[in-house]
Amino acid sequence: MHFQQDDEGFIRMPRHLPAGTPVTITFSDGSTAEFTGRDLNAAYDRSLAEFRAGNNLDAKGFSRTPKARTNSGNRIEFVRVYPDMARGRA
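Residues numbered from 1 in each chain as written. Predicted model: local features only at pLDDT ≥ 70, side-chain atom pairs only at ≥ 80, totals over all residues. Heavy atoms only, no water.

1. Structural notes on the environment of Thr 21
Right, on to step 1. With respect to the helices, strands and loops of the structure, Thr 21 is situated in the loop between strand E2 (10–12) and strand E3 (22–26).
Right, on to step 2. Between the alpha carbons of Thr 21 and Thr 36 there is a distance of 5.5 Å; along the sequence they are 15 residues apart.
Right, on to step 3. Apart from the residues within four sequence positions on either side, Thr 21 is in contact with Met 1, Phe 35, Thr 36 and Gly 37. (Helix = DSSP H or I, 4+ residues; strand = E, 2+ residues; numbered from the N terminus. Contact = heavy atoms within 4.5 Å.)

Structural data, given as structure tokens:
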């Protein structure tokens, strides 16, 4: 599987990947790195938690604001990645 990082540092990843899947990412600077699905799933989970926290959603994605909000809070499509994220597990 292969992903291309956009100019803002994100890849489009709308769901979790199988944990053992090898994934190659080509970064915006032209370098490439290989990760496992497990590494990217962890990045996805962090991005989802940040999205929920930034939008006043609880841990399950439920809104605690008035009903005018339309985003369910349970899906994101873009995950921030960087070349050494598998080594640092950050």
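So that's the structure; there's more coming.
2. Points about the environment of Phe 27
Right, on to step 1. Topologically, Phe 27 is positioned in the loop between E3 and strand E4 (32–36).
Right, on to step 2. Taking C-alpha positions, Phe 27 is 6.2 Å from Gln 4, a pair spaced 23 residues apart along the chain.

3. Structural notes on the layout of surface pockets
Right, on to step 1. Within this model, the largest pocket holds a volume of roughly 190 Å³.
Right, on to step 2. Lining the largest pocket we find eleven residues, and of these Ala 43, Arg 46, Ser 47, Glu 50 and Arg 80 sit closest to its centre.
Right, on to step 3. Counting only elements with at least two residues in the lining of the largest pocket, the list comes to helix H1 (37–54) and strand E5 (78–80).
Right, on to step 4. For the lining of the largest pocket, the element with the highest residue contribution is H1, accounting for five residues. (1 Å grid on protein atoms, 1.4 Å probe; cavity = no way out; pocket = protein on both sides within 12 Å on 5 of 7 lines; lining within 4 Å. Points joined across faces, edges and corners; volume = space filled by probe spheres on them.)

4. Regarding the confidence of the model for the chain
Right, on to step 1. Per-residue confidence for the chain averages 82 on the pLDDT scale, and 82% of its residues sit at or above 70.
Right, on to step 2. No element of the chain has a lower mean pLDDT than helix H2 (residues 85–88), which averages 64, and none a higher one than E3, which averages 94. (pLDDT = per-residue confidence, 0-100.)

5. Thoughts on the packing of aromatic side chains
Right, on to step 1. All told, the structure shown has one aromatic pair when counted by the stated rule.
Right, on to step 2. Residues Phe 27 and Phe 35 carry aromatic rings whose centres are separated by 6.4 Å and whose planes lie at 80 degrees to one another, so their mutual orientation is edge-to-face. Taken individually, Phe 27 and Phe 35 each receive the classification buried, so the pair is uniform in this respect. (Phe/Tyr/Trp six-rings, centres within 6.5 Å; stacked < 30°, edge-to-face > 60°. Buried < 20%, exposed > 50% of the residue type's maximum accessible area, 1.4 Å probe, protein only.)

6. Some remarks on the environment of Asn 41
Right, on to step 1. Turning to its location among the elements, Asn 41 is positioned in helix H1.
Right, on to step 2. For Asn 41 and Ala 19, which are 22 residues apart along the polypeptide, the C-alpha to C-alpha distance reads 7.6 Å.
Right, on to step 3. Apart from the residues lying within four places of it in its own chain, the contact partners of Asn 41 are Met 13, His 16 and Leu 17.
Right, on to step 4. A distance of 2.7 Å separates a polar side-chain atom of Asn 41 from the backbone oxygen of Leu 17. (Polar contact = N/O pair within 3.5 Å; in protein donor to acceptor, adjacent residues only side chain to side chain.)

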